[in-house]
Every structure is written in structure tokens, then in C-alpha cells.
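Listed below, chain by chain, are the residues.
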Amino acid sequence: MKLLCPAIGICLSLFFAQAGFAQVYLPISALHVTSPYGLRVHPITGLQDFHSGVDLAANHSVIYAVLAGRVISCASNPFLGNFIRIAHGEIQSIYGHLSAVLIRQGTCVKAGEVIGISGSTGRSTAEHLHFSVRYQNQPIHPLKFLLQLQSSWAVAP
Ligand SMILES: [Zn+2]
């Protein structure tokens, strides 16, 4: 069965076959989008830019790995602040602006495992989680991806 997901333009059945994941979690327990994925006016520069992820309201919130995977980077940069990047086959999930990182680079995580605490590090006006998903290193809509995976699994035998 081919499950091409038009919303995100990737073939999910291929992804399942490669990765063999069984569970998907939300990165934060309450999903409240404060800045959507896609073209937007940047809150700091005032210029139009492409937002490669979603910003989710957070307040010292526990952050979870959305899928099982391997932590390929725990680092810091001026934009994302403290961030974590996890590889799940050809998919990567990225969690930015963290105040605390609770896992180490090179380790494997389960879906739903606690990986950090939200914060406002890097280029951020107020505390939030920047969450993004990349497929073959191109950004895809992170929430549509999670919801599509969830609904695909819900109907799978
Ligand atoms: Zn963001």
C-alpha cells in the first residue's frame, strides 16, 4: 500500500518501511502555535522570511522526542539557541531555544522520551519551542507530518 501524503509531499509507506517506527508523540504536551510554518513576517527583523518550523508556546515545558531515533546533535547557535537534532531514518526533528538539554549526542531515544526543557535561548523574543522536521534535509510542515503519521498508524492493521 502506498500512502502518499499530499500535504507534505512524501511517501509515508516508504518512510515506514525504512524506519519501522511504531509510535509518534507530540514534542510538547499542549500544542499552541504562536508562529506558523511557511512564509511570515519575522517577529524580530520585520522582514518576510520562510519559517522552517512552528513556534509553540512553552513555559519551562518538558520536551519529548517525537519518534524513536538517534541524537545527532546537541549544540548551540545564535539563532536556535540550545537545540537538539534527532535523526529518524531520512527524517530529522529539531527542537530549539531550549533552556536545558537532557540527553547526549550519539545516544538513542525512544518516542516520547524526555529530551529537554523549553527556554528562550538564541534569537527569541519570548519563551517558546521552535520545532521543525526535515525530510532529506528539506523542511516539511512539522505538524502535518506528525498528524499524518498518527492517522496512518491509527488505520493500519
Ligand atoms: Zn521558529
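Our structure's up above, just so we're on the same page.
Remember, it's a predicted structure, so these values are computed and weren't measured experimentally.

Chemist: Help me out: how do you make sense of the overall build of the protein in this one?
Modeler: Per the secondary structure count, the protein includes two helices and 14 strands. Within the protein, buried positions represent 34% of all 157 residues. Nonlocal contacts in the protein, meaning residues at least 24 apart in sequence, comprise 61% of its contacts between residues at least 6 apart.

Chemist: How should I be thinking about the nonpolar core in this particular structure?
Modeler: Generally speaking, soluble globular proteins have nonpolar side chains that are buried together. Ranked by size, the top nonpolar core spans 30 residues in total, and within it Ile84, Tyr95 and Leu129 carry the most contacts. Broken down by secondary-structure element, the contributors of at least two residues to this core are strand S6 (54–57), strand S9 (81–88), strand S10 (91–101), strand S13 (128–135) and helix H2 (142–155). If you tally residues by element for this core, the top one is S10, at five residues. Excluding anything up to four places from it in sequence, Tyr95 contacts Pro27, Ile63, Phe83, Ile84, Ile115, Gly116, Leu129 and Phe131.

Chemist: When you look at unusual backbone geometry in this model, what are you seeing that I'm missing?
Modeler: Backbone phi values are negative for most residues with the exception of glycine, while trans is the configuration of most peptide bonds. For His97, which is not glycine, the phi dihedral falls at a positive 70°. In this structure, His97 sits in strand S10. Positive phi values are uncommon outside glycine, yet Gln136 reaches one of about 50°. Positionally, Gln136 belongs in the loop between S13 and strand S14 (138–140). A residue is classified by how many C-beta atoms lie within 10 Å of it, and Gln136, with 9 of them, is exposed.

Chemist: I would appreciate a short explanation of the pairing of strand S5 (residues 48–51) in the present structure.
Modeler: Regular strands have side chains that alternate between both faces of the sheet. Pairing between strand S4 (residues 38–41) and S5: four bridges, direction antiparallel. In the sheet register, Leu39 faces S5, and the bridge partner there is Phe50. Hairpin connection of S4 to S5: six residues between the antiparallel strands, including Gly46 at a positive phi of 75°.

Chemist: Looking at this structure, I do not really get the pairing of strand S12 (residues 114–118). What am I missing?
Modeler: Here strand S7 (residues 62–64) pairs with S12 via three bridges, running antiparallel. Considered in S12, the bridge of Ile63 is made with Gly116. Note that S10 and S12 share three bridges and pair antiparallel. Paired with Ala100 across the two strands is Ile117, which belongs to S12.

Chemist: Explain the environment of Leu149 to me, please; I cannot follow it from the model alone.
Modeler: Counting through the fold element by element, Leu149 comes out in helix H2. Separated by 124 residues in sequence, Leu149 and Tyr25 have C-alpha atoms that sit 10.0 Å apart.

Chemist: So what exactly am I meant to see when it comes to the environment of Thr34 here?
Modeler: Along the chain, Thr34 falls in strand S3 (residues 33–35). Between the C-alpha atom of Thr34 and that of Ala58, which follows or precedes it by 24 residues, the distance is 9.8 Å. Once residues within four sequence positions are removed from consideration, Thr34 is found in contact with Asp55, Leu56, Ala57 and His128.

About the criteria used
Each chain has its residues counted from 1, running along the sequence as written. In keeping with the predicted nature of the model, local features appear solely for residues at pLDDT of at least 70, side-chain atom pairs appear and are counted solely at 80 or more, and the whole-chain, interface and lining totals rest on all residues. Per the convention used, a helix needs a DSSP run of H or I reaching at least four residues, while a strand needs a run of E reaching at least two, with both numbered from the N terminus. Buried means a residue has 20 or more other C-beta atoms within 10 Å of its own C-beta, exposed means 12 or fewer, and partly exposed covers the counts in between; C-beta atoms are placed from the backbone. Any pair of residues counts as being in contact when their C-beta atoms, constructed from backbone geometry, are within 7 Å of one another. For the purposes of this analysis, a nonpolar core is taken to be any set of buried Ala, Val, Leu, Ile, Met, Phe, Trp, Tyr and Cys residues that are connected through C-beta atoms within 7 Å. A pair of strands is labelled paired if DSSP reports no fewer than 2 bridges between them.

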